[in-house]
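# Descriptive analysis of the structure
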Amino acid sequence: MKRILFLTLLACCTAGCNMHKDLLPFLGKWSGKFQVRSIEGGGSSKDVIREEMHGYIQVYETGRSYKMELQGEQETIDVDGTWAHKANRIILSPKSIAIDDMGGAESRDPNKKYIPADQLRDAYSSELVLTESKDNKALHGLEMTIGRLIGKHEFIKDSF
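Below or above, wherever it landed, is the structure these notes cover. A quick note: this is a predicted structure, and the numbers were derived from the prediction, not measured.

Rules used in this analysis
- Residues numbered from 1 in each chain as written.
- Predicted model: local features only at pLDDT ≥ 70, side-chain atom pairs only at ≥ 80, totals over all residues.
- Heavy atoms only, no water.
- Helix = DSSP H or I, 4+ residues; strand = E, 2+ residues; numbered from the N terminus.
- Buried < 20%, exposed > 50% of the residue type's maximum accessible area, 1.4 Å probe, protein only.
- Areas by Shrake-Rupley, 256 points an atom, 1.4 Å probe, with all protein chains shown as cover.
- Salt bridge = Lys/Arg side-chain N within 4 Å of Asp/Glu carboxyl O.
- Phe/Tyr/Trp six-rings, centres within 6.5 Å; stacked < 30°, edge-to-face > 60°.
- Lys NZ or Arg CZ within 6 Å of the ring centre and 35° of its normal.
- Core = buried A, V, L, I, M, F, W, Y, C linked by side-chain atoms within 4.5 Å.
- Contact = heavy atoms within 4.5 Å.
- Pairing = 2+ DSSP bridges.

### Structural notes on the overall build of the protein
Looking only at helices and strands, one finds three helices and nine strands in the protein. Helices (α) and strands (β) of the protein occur, in sequence order from the N terminus, as α-β-α-β-β-β-β-α-β-β-β-β. Considering the protein as a whole, with its 160 residues, one finds that 35% of them fall into the buried category. Entry remark: accessible area of the protein is about 9500 Å², with carbon and sulfur atoms responsible for 55%.

### What to know about the pattern of salt bridges
Across all of its chains, the model carries seven salt bridges by this definition. Between Arg108 and Asp101 there is a salt bridge, and its shortest N-O distance comes to 3.8 Å. Across the salt bridge formed by Lys152 and Glu154, the nearest N and O atoms sit 3.3 Å from each other. Under the relative-accessibility criterion, Glu154 is labelled buried at 18%. The network of salt bridges with shared partners includes Arg37, Lys152 and Glu154.

### Regarding the packing of aromatic side chains
Scanning the entire structure with this criterion turns up one aromatic pair. When the centroid spacing of 6.2 Å and the interplanar angle of 50° are considered together, the rings of Phe26 and Trp83 count as tilted. In this pair, Phe26 sits in the loop between helix 1 (2–19) and strand 1 (28–39) while Trp83 sits in strand 4 (residues 76–86), placing the two residues 57 residues apart along the sequence. Accessibility assignment for this pair places Phe26 and Trp83 in one class, buried. The ring centre of Trp83 lies 5.5 Å from the NZ or CZ of Arg64, which sits over that ring. For Arg108, the ring lying beneath its charged end belongs to Tyr114, and the centroid distance is 3.6 Å.

### Quick notes on the nonpolar core
Core analysis: the biggest nonpolar cluster contains 30 residues, and Ile57, Met68, Trp83, Tyr124 and Ile146 have the highest contact counts within it. Counting residues per element, this core draws most heavily on strand 1, at four residues. Setting aside residues up to four positions removed in sequence, Met68 forms contacts with Tyr56, Ile57, Ile77, Asp78, Val79, Tyr124, Leu128 and Phe155.

### As for the pairing of strand 7 (residues 138–141)
Looking at chain direction, strand 6 (residues 128–132) and strand 7 are connected through three bridges and run antiparallel. Counted as the bridge partner of Leu130 is Gly141 from strand 7. The turn linking strand 6 back onto strand 7 is made up of five residues, and Asn136 within it adopts a positive phi angle of 65°. In this sheet, strand 9 (residues 149–159) lies alongside strand 7 in antiparallel orientation, the contact comprising three bridges. Looking across to strand 9, one finds that Leu139 is bridged to Phe155.

### Points about the environment of Gly63
Here Gly63 lies in the loop between strand 2 (53–59) and strand 3 (65–71). By relative accessible area, Gly63 is classed as exposed at 60%. In the structure, Gly63 is positioned 20 residues away from Trp83 in sequence and 8.9 Å away in space, judged by C-alpha atoms.

In structure tokens form, the structure reads like this:
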């Protein structure tokens, strides 16, 4: 009787561990950026690099939640939400968006690049789809627009 109980308990534990095996490749911290490919209306190659936003995504199993932070020269965007996955894609659905414009228009440095808060909010209010690389070490986003900027997200697995 004890042996049957032990085997039943072992089977339940093993089944529970395998249920979330497909989530493991997505969990953890991903460092990366919104890489600007071009600027509508023109811009030099230096402008393209300066307009990029760098940061990370932290993907949690608990509540299937995530946190994303990206920083530009004069702005930071924090997005919290939930995620789902389909095959090798992760779909990030935002729940809250916080934008820090480093003190507002009065504090803005005219010599630094700035992405207006309303353009950031519009871009990150929609779902973000990222595709996992074959080696499970990178996430690649679809091309999107943030105001005049056209680019995509690129993230590298940082830690679990």
